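Residue-level structure breakdown
Given next are the chains, with one letter for each unit.
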Amino acid sequence: MEESVSKVPPSLRLGSFKSSLSGRSTPKSSPTFRRLHSSRTPRREARSGAGGIQWFRSNRLVYWLLLITLWAYLGFYVQSRWAHGHKKEEFLGFTGDPRNKLLDAEKNARRDLLADDSFVAVNNGTNKTQVSSDRKLDVILAKKGNEVSSRKKRSKRARRSLHKMRGKPKAKMNNEISDSEDQEQEILHTNSTYRLLVGPFGSVEDRVLEWSPEKRSGTCDRKGHFARLVWSRRLVLVFHELSMTGAPISMMELATELLSCGATVSAVVLSKKGGLTSELARRRIKVLEDRADLSFKTAMKADLVIAGSAVCASWIDQYIAHFPAGGSQIAWWIMENRREYFDRSKLVLHRVKMLIFLSELQSKQWLTWCQEENIKLRSQPALVPLAVSDELAFVAGIPCSLNTPSSSPEKMLEKRQLLRDAVRKEMGLKDNDMLVMSLSSINAGKGQLFLLEAAHLFIDQYPLQTGSEVKKSLDIRQDHSTLGVKHHLRGLVLKSSNGDLSSRDLRTRNSHRRKMLFDSQGTEEQALKVLIGSVGSKSNKISYVKEILRFLSQHAKLSESVLWTPTTTHVASLYSAADVYVMNSQGLGETFGRVTVEAMAFGLPVLGTDAGGTKEIVDHNVTGLLHPMGHPGTQVLAENLRFLLKNPSARKQMGMEGRKKVERNYLKKHMYKRFVEVLTRCMRSR
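In this text, all values refer to a predicted model and were calculated from it rather than measured experimentally. (Residues numbered from 1 in each chain as written. Predicted model: local features only at pLDDT ≥ 70, side-chain atom pairs only at ≥ 80, totals over all residues. Heavy atoms only, no water.)

**Here we look at the overall build of the protein**
What counts, and what does not: Numbering of helices and strands runs from the N terminus; a helix is a DSSP stretch of H or I covering at least four residues, while a strand is a stretch of E covering at least two. Residue burial is assigned from relative accessible area. The probe radius is 1.4 Å, only protein chains are included, and a residue is buried under 20% of its type maximum, exposed over 50%, and partly exposed in between. Contacts are assigned to residue pairs that have any heavy atoms within 4.5 Å of one another. For every accessible area listed, the method is Shrake-Rupley and the probe measures 1.4 Å; residues are considered covered only by the protein chains on display.
The helix and strand tally for the protein stands at 33 helices and 16 strands. A buried classification covers 49% of the 686 residues belonging to the protein. Taking as baseline every contact in the protein between residues at least 6 positions apart, the subset at least 24 positions apart corresponds to 74%. With the model as given, the accessible surface of the protein reaches about 35800 Å², and the carbon-plus-sulfur share is 53%.

Written out as C-alpha cells, the structure is:
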C-alpha cells in the first residue's frame, strides 16, 4: 500500500487537478488547500470586477492583436512627424546643437558687415574711408579689423565658451569666408588703383520710390492658368547656392510666385554661401535644414521637383538612388552652357522627367553633347527664358501687377528719373557723363578685363576735344538761325542713327548742351565712366580680380574712370543711373543673360558679344551693338563705346527698341506662360 502511494506522481498527491474539479478530495480547511489557493481571487470579487481580465486571459489572440495595433499606431505617428519637416532635435526633445546657432549668428553678423546704401571713397594705399549715407553705419566694409573690434566687446567668459562650443565648425566657417575676406582686403586696402566703391543704394530707392519692402512680394494672377495649375500643389525647389547671381535669384522669384499662387514650397539649398539667406526668410520660403534624408522624404511627397542648375546633379543622383522612381517627378532647369557642367551632369540627364533650357542655342548645344555621348533623353527639352521681375518692371515704368492708381507706370517713370539723379549725384557723375555698367560676377568668363582694355583704347585713341575746338564749333552754331540749328542737328542725328526727333526735343537738347558742354575753364565735361560689379560676390575669382587691378595700376588715367559696386539685390537704382550696359561674356557666350533683359527694360542699349543667348536677345544696330569675343573684340567694343558716347540720340533710340522687345517677350507673364506647358507635361503622368 505504501509502495502504491509512493508511486503516485507528486502533482496528484497534492491534489492540484482534483481540487479544480470537485474540491472534495482536499478539505477547504486543510493546509494544502489554503496553500494551493491562497492567490485566488474570492468569488465575490471575481463576480464584481475581474470579468474582463479573465476574458483577456482566456483570449490571448485578441490581447496580442491589440498590442500590435497600438505599436503600429505609434510607429506611424513617429514616421509622420519625422517626414513632415519637424526638426530632429525638437522632435526628440532636445534643444539642438548650440554650435549651429552660433554659426548662423556669426554668418548673419558677417553678412551685415557689408556697407548698405553708402558712398565710400577709398584713398590710395590707406585704410581711410569717406562715407556719405542716409544713416550712420556701424561697420563700413567686411574686413578683419571690424571682426576684431566686434569681438573685443564680448566678455572673456563669452569668448572662452564660444571657442569651446564652436570647435571645428569655426575652422570650417573661416574656410568658407576666407575667399571673400581675402578678396575684400585685396580690393579695398592693398591695391592703390582701387578708387571708388559706390552703393548699394537700397535706402535711396525706398526714399525716392516711396516703396516699402513689404510690397516686393510676389503677386499672383489668380485667374491665370499658372495659378490654377499650382494651387494646393507641393513643390520642392533645389538651389545650388544662394549667391546673388541669375540662377539663385530666378529660383527665389519662382518660389515666391508659387507661394503667392497657393502652392506649398520647400527649398533645398546645396550651398548656403551668398547673400540670399535673409531674403528667403523675408519672403517666407521654407529652407530644409537637411540636404539628404529629410530633403529626399519631402521630395517623395511632392508633386514636382524643380532643380535650378546643372550643379544639382549630385543631389539628383543621390535622390534617385534613394527613391528610384523619383526621376519621373524632376524638371531640371539647366542654366549653364559650358562643357564641364555637362560632364558633371551627363550621368543623370536621361533619368529626369524633362530638361529645361534658357535659349535655343543652349538647347542645341546640350543636345549635340548628348548625341556625342549617346544619351537618350526621356522627353523633348523645353525652353523657358528668364524674365524681368515685376519689381524691376514696376520701377522701370512697365505696366505690371504692382501698379496702383497712386503708382501708375507714368508716375514711376517720373520717380525713376528722380532716382537716376540722386544716384548719379552720389556717384559723383556729371549729367553729360556716359556710365557704362557691367554687373556680372567678376571672373574671366564675364570678360571685365576685355571691357577695361576697350575703355583704355577709347581713352587713348579718342582724347577729349580741347576747349578752343568746342568753343569754335559752338560759335558756328550761334551764327545760324534757330531754324538752321534745328536742321543742322537733325541732319547729324539722321546721319548717325537714322532716327528722328521733334523740333521741341531738338531745341531742348541744344539748350541743354550749351549749359553742360563747358565747365568754368571752358573744357568739355563729357566723359566715359565704367561701373563694375559685383564686389564681394562668392562667384568672383580672386586671381582674376588681381589681374584686373594690375592692369589698372598700369593705366592711371583709366583707373580714374572706373567705379566699383558691391553685390546687391538693389539693382534698380544702378540700372536707372546707367546709360549703357555691357554683356561681354566669353567662351560659348552667355547662356541667356538675365541682366541683359533687365537693362533693356530700363531703356539701356546693350553692347554684347556675338555668341550664346546674347545674340538671340540683342538685335544688332536695333537694340544694341554686337562685337566678337576675345582680344579681337576689344577694338570693336571701343568703337561701339565711342559711337554711343558721341550719339546720345542713338543710345536713346536703341534703348527704346530694347524696352519694346522686353515688353513683347521677356516679362514675368511670358515666362510663366511657358512654365504652364512644362508643369502640365511633367505632372500629367509620372
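**Quick notes on the sheet that holds strand β10 (residues 382-383)**
Strand pairing in a sheet relies on backbone hydrogen bonds. The paired strands run either parallel or antiparallel. The test is simple: At least two DSSP bridges between two strands are needed for those strands to be called paired.
Read across the open sheet, the seven strands follow the order β6-β5-β4-β7-β8-β9-β10; overall the sheet is parallel. The sheet is open, and its two edges are formed by β6 (286-287) and β10, each paired on a single side. As paired elements, strand β8 (residues 330-333) and strand β9 (residues 354-357) share three bridges and run parallel to each other. Counterpart to Ala331 in the pairing with β9 is Met354.

**What about the packing of aromatic side chains?**
The cut-off we apply is this: Only Phe, Tyr and Trp rings take part, Trp by its six-membered ring, and two of them pair if their centres are within 6.5 Å. Stacked means planes under 30 degrees apart, edge-to-face means over 60, and tilted covers everything else.
Counted according to the given criterion, the structure contains 14 aromatic pairs. Judged by centre distance (5.8 Å) and plane angle (40°), the rings of Phe296 and Tyr319 are tilted. Remark: Tyr319 occurs in helix α17 (residues 313-322) and Phe296 occurs in helix α16 (residues 293-300); sequence separation between them is 23 residues. When sorted by exposure, Phe296 lands in the same class as Tyr319, which is buried. When the centroid spacing of 5.8 Å and the interplanar angle of 45° are considered together, the rings of Phe357 and Trp366 count as tilted. We note that Phe357, like Trp366, is buried. Here the aromatic cluster, defined as three or more aromatic residues joined through ring pairs, consists of Phe226, Trp333, Tyr672 and Phe675.

**Some words on the pairing of strand β7 (residues 304-307)**
What you see with β7 is no split at all: Leu304 and Ile306 on one side and Val305 and Ala307 on the other are buried throughout. As paired elements, strand β4 (residues 234-239) and β7 share four bridges and run parallel to each other. Counterpart to Leu235 in the pairing with β7 is Leu304. Direction of pairing for β7 relative to β8: parallel, over a ladder of three bridges.

**Examining helix α29 (residues 594-601)**
Two residues of an α-helix separated by three or four positions point the same way, owing to the 3.6 residues in each turn. Summarising burial for α29: eight of the eight residues are buried, a large majority. Those residues of α29 that fall on the buried side of the exposure criterion are Arg594, Val595, Thr596, Val597, Glu598, Ala599, Met600 and Ala601. Gly603 occupies a position one or two residues after α29 and carries a positive phi of about 75°.

**Points about the packing of α16 against α17**
Using the following cut-off: Between N-to-C directions, angles span 0 to 180 degrees; the directions come from axes that are lines fitted to C-alpha atoms, helices contributing only their stretch in contact. Angle categories: roughly parallel below 35 degrees, roughly antiparallel above 145, roughly perpendicular from 65 to 115, and oblique for all the rest. Should the near helix be turned anticlockwise from the far one by less than a right angle, the crossing is left-handed, and should it be turned clockwise, the crossing is right-handed. Ten residue types, Ala, Val, Leu, Ile, Met, Phe, Trp, Tyr, Cys and Pro, are classed as nonpolar, four, Asp, Glu, Lys and Arg, as charged, and the remainder, Gly among them, as polar.
One can describe the packing of α16 onto α17 by two numbers: an axis separation of 10 Å at closest approach and a directional angle of 70°. As summarised for this structure, α16 and α17 are arranged roughly perpendicular, according to the angle between their axes. Crossing of α16 over α17 shows right-handed handedness. Packed against α16, whose contacting residues are Ser295, Phe296, Ala299 and Met300, the element α17 presents Trp315, Gln318, Tyr319 and His322 at the interface. Taken together, the residues of the contact of α16 with α17 sort by class into five nonpolar, three polar and no charged.

**Examining the state of the cysteines**
Worth spelling out the cut-off: Sulfur atoms of two cysteines make up a disulfide when they are within 2.5 Å.
In this structure the tally under the stated criterion is one disulfide. Across a sulfur-sulfur distance of 2.0 Å, Cys220 and Cys261 are joined as a disulfide pair. Taking the sign of the torsion about the S-S bond as the criterion, the disulfide between Cys220 and Cys261, at about 100°, is right-handed. Residue Cys220 is located in the loop between α12 (202-209) and α13 (225-230), and its partner Cys261 is located in the loop between α14 (246-260) and β5 (264-269); the two are separated by 41 residues in the primary sequence. Exposure remark for Cys220: the relative accessible area of 19% places this residue in the buried category.

**Brief notes about the side chain of Ser389**
Mapped onto the elements of the fold, Ser389 is located in the loop between β10 and α20 (390-396). The buried category is assigned to Ser389, whose relative accessible area is 8%. Contact partners of Ser389, with chain neighbours within four places excluded, come to Glu253 and Arg594.

**A short note on the pattern of salt bridges**
It is possible for side chains bearing opposite charge to pair when their charged atoms get close. Keep this limit in mind: Salt bridges are counted wherever a side-chain nitrogen of Lys or Arg sits within 4 Å of a carboxyl oxygen of Asp or Glu.
Going through the model one piece at a time under the given rule, you end up with 22 salt bridges. Measuring nitrogen to oxygen at the nearest pair gives 3.6 Å for the salt bridge that ties Lys415 to Glu210. In this pair, Lys415 sits in helix α21 (residues 409-427) while Glu210 sits in the loop between α12 and α13, placing the two residues 205 residues apart along the sequence. Lys415 sits in the buried class, given a relative accessible area of 16%. Classification of Glu210 by relative accessible area gives exposed; the value is 59%. Here Glu598 and Arg594 are joined by a salt bridge, their closest N and O atoms 2.9 Å apart. One end of the pair is Glu598 and the other is Arg594, both in helix α29 and four residues apart, which spans about a single turn.

**Here we look at a nonpolar patch on the surface**
Selection criterion: Surface patches are defined over residues having more than 30% relative accessible area and no salt bridge, joining like charges when they lie within 9 Å and nonpolar side chains (Val, Leu, Ile, Met, Phe, Trp, Tyr) when within 5 Å.
A surface patch of nonpolar side chains, about 520 Å² in accessible area, is lined by Tyr63, Trp64, Leu66, Leu67 and Leu70. Mapped onto the elements of the fold, Leu70 is located in helix α6 (residues 60-83).

**Quick word on the environment of Asn403**
Let me state the cut-off plainly: Contacts described as polar in this section are N or O atom pairs within 3.5 Å, which, within protein, must combine one atom able to donate a hydrogen with one able to accept it, while residues neighboring in sequence count only if both atoms come from side chains.
Relative to the assigned elements, Asn403 resides in the loop between α20 and α21. Between the C-alpha atom of Asn403 and that of Ala393, which follows or precedes it by ten residues, the distance is 9.8 Å. The contacts of Asn403, once residues within four sequence positions are left out, are Phe394, Ile398, Ser408, Pro409 and Met412. A polar side-chain atom of Asn403 sits 2.8 Å from the main-chain amide nitrogen of Cys400. A distance of 3.0 Å separates the side chain of Asn403 from the backbone oxygen of Ser407, its partner in a polar contact.

**Concerning α21**
Here is the rule: A helix is expected to span 1.5 Å multiplied by its residue count minus one.
Taking 1.5 Å per residue as the helical rise, α21 with its 19 residues ought to reach 27 Å, and the 26 Å between its terminal C-alpha atoms agrees with that figure. Gly428, located one to two residues past α21, shows a positive phi value of around 85°.

**Here's the deal with the nonpolar core**
We count it as follows: Buried residues of nine kinds, namely Ala, Val, Leu, Ile, Met, Phe, Trp, Tyr and Cys, make up a nonpolar core once their side-chain atoms join them within 4.5 Å.
Counting 92 residues, the largest nonpolar core has Phe226, Leu237, Trp333, Met427, Tyr575 and Phe675 as the members making the most contacts within it. Broken down by element, the residue count for this core peaks at eight residues, all from helix α33 (residues 668-684). Membership of the second largest hydrophobic core comes to 34 residues, among which are Leu452, Val530, Val545 and Leu637.

**A look at the confidence of the model for the protein**
Formally: Residue-level confidence of the predictor is summarised by pLDDT, bounded by 0 at the bottom and 100 at the top.
Residues with a pLDDT of 70 or more make up 64% of the protein, whose mean pLDDT is 74. Confidence over residues 1-25 falls short of pLDDT 50; this stretch has twelve contacts with residues more than four positions distant or in other chains. Here residues 464-524 is a poorly scored stretch, pLDDT under 50, and it has 53 contacts once near neighbours within four places are set aside; other chains count.

**Re the pairing of β5**
Which entries qualify depends on this criterion: A right-handed crossover is one whose linking path, passing over the helix from the first strand to the second, runs clockwise when the strands point away from the viewer.
Taken across its six residues, β5 has five buried, putting it largely inside the fold. Where β4 meets β5, six bridges bridge the pair, whose relative direction is parallel. Across the sheet, Leu235 pairs through a bridge with Val265, a residue of β5. Crossover connection from β4 via α14 to parallel β5: handedness right-handed. Handedness of the crossover joining β5 and β6 through helix α15 (residues 277-282) is recorded here as right-handed.

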